[in-house]
Amino acid sequence: MFAGNAGRVELSSTSTVRVTASPAPSFITNWTNFHRDEYTNIVNIIFQIVILILSATLHEASHGYVAYALGDPTAKLEGRLTLNPIKHLELFGSILLPLIMYISTGGAIVFGWAKPVPYNPYNLRAGKWGPVYVALAGPFSNLLLAIIFSMIVRTFYATLAPAFIMIASLVVIINVLLAVFNLIPIPPLDGSKLLFAILPAHARQIEEFLVRYQIFILLFILFIGWPIIEYPVTWLTHLLLPF
């Protein structure tokens, strides 16, 4: 599962065209500006959804690779040990829903999911910590990707093309969002595996409550409690990017 507020990183051009002609009528200027803005918004939506899909693919594949490393071949047998997005994505949850959420919220929220990578916890060699390692592999892969692209931007910022800086910044922002959101300890998010592993036996009613009401808790977080998520995302993004 993934979600995010991908921000607004706009395409820009460094070139300037000067035309020494009489000014166009205002309605022509407004019409041109409208279509230019509309085109820019469409391009931004496409870029954000493509980056979201590829990042979610890395996230899910990482679950499978760690499970395989710990002794479970389930993901491999089902063809999920791959970075091919088609193997991990759903038409509605991975493409249509993020697009609907982006448009309906004015870009405030991008929400969706990929197909969960299957694994058999009884095949894992790490005991009760096996599912924790498998779960955390997803968010950690997103953090690693965000760090790599932030290092590229920081190192070569002065020489990089503005378009590449825009794309790299989106990669950082979206992957930080994926990592932070999926570390929330609410099922079915990855952070719940860690919480359930450290809960003492007498506190199992907490696990039962979270599992029973997970959909309502997630909806509350998405539409009301989003500022709580936004704070660590903003802090990490500012820490990673040089602007």
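Residues numbered from 1 in each chain as written. Predicted model: local features only at pLDDT ≥ 70, side-chain atom pairs only at ≥ 80, totals over all residues. Heavy atoms only, no water.

Further remarks concern the overall build of the protein chain. If you tally the helices and strands in the protein chain, you get nine helices and two strands. When the elements of the protein chain are put in sequence order from the N terminus, they spell out β-α-α-α-β-α-α-α-α-α-α. The 243 residues of the protein chain split such that 41% are buried. Put simply, of all contacts in the protein chain between residues at least 6 apart along the chain, 78% involve residues at least 24 apart. When the accessible surface of the protein chain is totalled, it reaches about 13600 Å², and 70% of it is carbon and sulfur. (Helix = DSSP H or I, 4+ residues; strand = E, 2+ residues; numbered from the N terminus. Buried < 20%, exposed > 50% of the residue type's maximum accessible area, 1.4 Å probe, protein only. Contact = heavy atoms within 4.5 Å. Areas by Shrake-Rupley, 256 points an atom, 1.4 Å probe, with all protein chains shown as cover.)

The pLDDT averaged across the protein chain works out to 82; a share of 81% of its residues lies at or above 70. Ranking the elements of the protein chain by mean pLDDT puts strand 1 (residues 2-4) last, at 49, and helix 4 (residues 130-156) first, at 97. Here residues 4-35 scores under 50 on pLDDT; set against residues more than four positions off or in separate chains, the count is 36 contacts. (pLDDT = per-residue confidence, 0-100.)

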